[in-house]
Amino acid sequence: MRRWTVVGAAAVVALALLAVALVRWGPGDGRPAAGPTASPEPTAVEELSTAEVYQAVAPSIVVVERIGGGDRVEGTGTGVVASDTGAILTAFHVVKGGSAVRVVFADGTRSPATVEAADPANDIAALAATDLPPVLVPATIGNSGRLAVGDPVVAVGNQLGMTSSATAGVVSGLDRAAAGDDGTRLAGLIQFDAAVNPGSSGGPLVNTRGETIGIVVALANPTRAGTFIGIGFAVPIGTALGGGPGEDGPQR
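Residues numbered from 1 in each chain as written. Predicted model: local features only at pLDDT ≥ 70, side-chain atom pairs only at ≥ 80, totals over all residues. Heavy atoms only, no water.

Undergrad: How should I be thinking about the overall build of the protein chain in this particular structure?
TA: Check the secondary structure of the protein chain and you find 3 helices and 14 strands. The buried share of the protein chain, reckoned over its 252 residues, is 45%. Sequence-distant contacts in the protein chain: of pairs separated by 6 or more residues, those separated by 24 or more amount to 61%. When the accessible surface of the protein chain is split by element, carbon and sulfur atoms take 56% of a total near 12,200 Å². (Helix = DSSP H or I, 4+ residues; strand = E, 2+ residues; numbered from the N terminus. Buried < 20%, exposed > 50% of the residue type's maximum accessible area, 1.4 Å probe, protein only. Contact = heavy atoms within 4.5 Å. Areas by Shrake-Rupley, 256 points an atom, 1.4 Å probe, with all protein chains shown as cover.)

This is how it looks when you write it as structure tokens:
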């Protein structure tokens, strides 16, 4: 993961909810009208524990290796299987500049991969593996437009070479901007405080429903150490999938 520095913040997204009450009136015969009937209780969405979130997304996690000359691994990051066809989302800087890419699926299947699509402006790449595992488990895609500051999230990735590590935190900001050492500027990012480190880039940011709502791309650090100090950034999943930050992605 490259070191990034926070350079600004845009307005926080505000969500408005409109509730509709259904009222049944009594007959027009002089009797008092009946009061409003109770609306059906909304179906509660069960929130998962951090352990359950990890168990839900772990089969979709991929190790991404950037290969240089002589089959040498020049860098590693994380990817997540995002469709039932095997498309893998990762951070573009993880694969940028390599002569080849190799991926390792959660079941140990290793395969060469190609960059099928790249969006350098949002630091996102989509990979296609030559060989898929016998059982492919795509992640469930959520709606990043429904996020609010304070929402709990889990980041899963291969930080510091420790594969499929899970860390928990909250969304600590929305619509943030960051700039990299090479001058690349990213905007519209989710800020979170779940720990991420080099190797985490490209991994999923997951909500408590087990849905991927972002792709981790950066961390903020005022020094050149490049280690986590409490501020990470993710591209909203709608943006990563080519839609918008508030659009639902395809469900599996």
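Undergrad: Before we go on, may I ask you to explain the pairing of strand β9 (residues 152–157) in this structure?
TA: Looking down a regular strand, the side chains alternate between one sheet face and the other. Buried residues dominate β9, accounting for 5 of its 6 residues. Here β9 pairs with strand β12 (residues 204–206) via 2 bridges, running antiparallel. Opposite V154, over in β12, you have V206 as the bridge partner. (Pairing = 2+ DSSP bridges.)

Undergrad: What's the story with the pairing of strand β2 (residues 61–67) in this structure? I'm lost.
TA: The buried fraction of β2 amounts to 7 of the 7 residues, a majority that puts the element mostly inside the structure. Burial of the side chains of β2 extends over both faces: I61, V63, E65 and I67 are buried on one face and V62, V64 and R66 on the other. Summarising the sheet, β2 and strand β3 (residues 73–81) pair through 7 bridges and their orientation is antiparallel. Counterpart to V63 in the pairing with β3 is T78. Two successive antiparallel strands, β2 and β3, enclose a turn made up of 5 residues, where G70 displays a positive phi of approximately 70°.

Undergrad: Explanation requested: the pattern of salt bridges in the structure shown.
TA: Pairs may arise between side chains of opposite charge once their charged atoms sit close together. Summed over all chains, the structure comprises 5 salt bridges. Note that R102 is salt-bridged to E65, the shortest N-O span being 2.8 Å. You can see R102 sitting in strand β5 (residues 100–104) and its partner E65 sitting in strand β2, a full 37 residues away along the chain. With a shortest N-O distance of 3.8 Å, E65 and R110 are connected by a salt bridge. Note that E65 is positioned in strand β2 and R110 in strand β6 (residues 110–119), a separation of 45 residues in sequence. (Salt bridge = Lys/Arg side-chain N within 4 Å of Asp/Glu carboxyl O.)

Undergrad: Got a minute to help me understand the sheet that holds β5 in this structure?
TA: Sheets are built from strands paired through backbone hydrogen bonds, the pairs being either parallel or antiparallel. Spatial ordering of the closed barrel is given by β2-β3-β4-β7-β6-β5, a layout of 6 strands whose pairing is antiparallel. Strand after strand, the sheet turns through a mean of 40° between neighbouring axes, direction not considered. Pairing between β6 and strand β7 (residues 124–129): 6 bridges, direction antiparallel. Looking at the pairing, D119 lines up with I124 of β7. (Axes fitted to C-alpha atoms, helices over the stretch in contact; angles between N-to-C directions.)

Undergrad: Could you clarify how one ought to interpret the nonpolar core in this entry?
TA: Soluble globular proteins tend to bury their nonpolar side chains together. Ranked by size, the top nonpolar core spans 33 residues in total, and within it V64, L89, V95, V103 and V217 carry the most contacts. Broken down by element, this core gets its largest block of residues, 5 residues, from β7. Once residues lying within four places of it in the same chain are set aside, the contact partners of L89 are T78, G79, V80, A82, I124, A125, A126, G202, I215, I237, A240 and L241. (Core = buried A, V, L, I, M, F, W, Y, C linked by side-chain atoms within 4.5 Å.)

Undergrad: Quick question: what am I supposed to make of the side chain of S111 here?
TA: With respect to the secondary-structure elements, S111 resides in strand β6. A polar side-chain atom of S111 sits 3.0 Å from the main-chain amide nitrogen of T130. Once residues lying within four places of it in the same chain are set aside, the contact partners of S111 are V101, R102, V103, A129, T130 and D131. (Polar contact = N/O pair within 3.5 Å; in protein donor to acceptor, adjacent residues only side chain to side chain.)

Undergrad: What is the right way to read the environment of V81 from this model?
TA: Here V81 shows up in strand β3. Here V81 falls in the buried class, since its relative accessible area comes to 1%.

Undergrad: So what exactly am I meant to see when it comes to the confidence of the model for the protein chain here?
TA: Segments scoring low in pLDDT should not have their predicted coordinates read at a detailed level. Averaged over all residues, the pLDDT of the protein chain is 83; the fraction at 70 or higher stands at 77%. Confidence drops under a pLDDT of 50 for residues 5–42, and excluding neighbours within four residues, the segment shows 29 contacts in the predicted structure. Scored below 50 in pLDDT, residues 247–252 shows 15 contacts in the model against residues more than four places distant or in partner chains. (pLDDT = per-residue confidence, 0-100.)

Undergrad: Just to check I follow, could you spell out the environment of A195 for this structure?
TA: Residue position: A195 is located in the loop between β11 (185–192) and β12. Owing to a relative accessible area of 26%, A195 belongs among the partly exposed residues under this scheme. Between the C-alpha atom of A195 and that of V156, which follows or precedes it by 39 residues, the distance is 9.6 Å. When near neighbours in sequence (up to four residues on either side) are disregarded, A195 contacts Q159, T167 and F228.

Undergrad: Even after reading the chapter, I still don't get unusual backbone geometry, so can you show me in this structure?
TA: The phi angle of most residues is negative, glycine excepted, and most peptide bonds adopt the trans form. Residue S164 is not a glycine yet carries a positive backbone phi of 50°. Looking at where S164 falls in the secondary structure, it is placed in the loop between β9 and β10 (165–180). Positive phi values are uncommon outside glycine, yet D175 reaches one of about 60°. For D175, the position within the fold is in strand β10. For D175, a relative accessible area of 28% translates into the label partly exposed.

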